[in-house]
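Listed below, chain by chain, are the residues.
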Amino acid sequence: MDIFLIILSVLLLVAGIAGSVLPFPPGPPFSFLGFWLASFTAYCSDISTTHIVTALAAMVFIEILDYTIPAWATKKFGGSKKGVWGSIIGMIAGIFFTPIGMIMGMFMGRNYTKGIIGAFIGEKLDGKELAPALKSAFGSFVGFVCSTAIKLIYGIATLWLVLKPIVSEGFDFVKNIF
């Protein structure tokens, strides 16, 4: 059973890392699920309840940051209230219209395409010229890059915490398979 859980855990952790940059699966929740499953194995017996609660709290915090950083960055890059709201509304709409966003923003392929477009539209509705509206939209993009980096760090850290004890044991679990 440990072998099955380790394999499933690693698959979820890798899917979590991929989900940090792809539209699906959601990265941090998949990484957490893989981390949590690994804690039930003898190979990762060092993972305590405290580690799991900390990883869960970090995952929730990162998911909140994932939606707030682009709006904050939009504001820092000179965005108006309408630009910030456009960014937020665009990101929420992205949850429901991901395929459309991928077509509209092939260079991004994420929900944040709508956040960037939303920030731009909000700025134009506020009466801003093209350059300031693009600057605010660029702020949303900077926020997207930062939140993606945070999610990647979380995913890589959870994968490392699971693989470290396995690697240090010299992959003894592989011998158990055969």
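Residues numbered from 1 in each chain as written. Predicted model: local features only at pLDDT ≥ 70, side-chain atom pairs only at ≥ 80, totals over all residues. Heavy atoms only, no water.

**Side note on the overall build of the chain**
Along the backbone of the chain there are eight helices and zero strands. By residue count, 44% of the 178 residues in the chain fall in the buried class. A sequence separation of at least 24 residues applies to 68% of the contacts in the chain between residues at least 6 apart. Accessible surface for the chain amounts to roughly 9,600 Å². Of this, 78% is attributable to carbon and sulfur atoms. (Helix = DSSP H or I, 4+ residues; strand = E, 2+ residues; numbered from the N terminus. Buried < 20%, exposed > 50% of the residue type's maximum accessible area, 1.4 Å probe, protein only. Contact = heavy atoms within 4.5 Å. Areas by Shrake-Rupley, 256 points an atom, 1.4 Å probe, with all protein chains shown as cover.)

**Brief notes about the environment of I116**
Within the secondary structure, I116 is located in helix α6 (residues 112-125). Assessed through its relative accessible area of 14%, I116 is described here as buried. With 22 residues separating them along the chain, I116 and F138 place their C-alpha atoms 7.2 Å apart.

**With respect to the confidence of the model for the chain**
Mean pLDDT over the chain stands at 80; residues scoring 70 or higher make up 80%. Every residue in residues 102-112 scores below 50 in pLDDT, and together they form 30 contacts with partners more than four places removed in sequence or on other chains. (pLDDT = per-residue confidence, 0-100.)

**Some words on the nonpolar core**
Among the nonpolar cores identified, the biggest contains 18 residues, and F32, F35, C44, I47, Y154 and V162 are the most heavily contacted of them. Of all the secondary structure elements, the ones that give two or more residues to this core are α1 (2-19), α2 (27-38), α3 (49-76) and α7 (130-168). Filtering out sequence-adjacent residues up to four positions away, F35 remains in contact with S9, L13, I47, H51, I52, A55, T158, L161 and V162. (Core = buried A, V, L, I, M, F, W, Y, C linked by side-chain atoms within 4.5 Å.)

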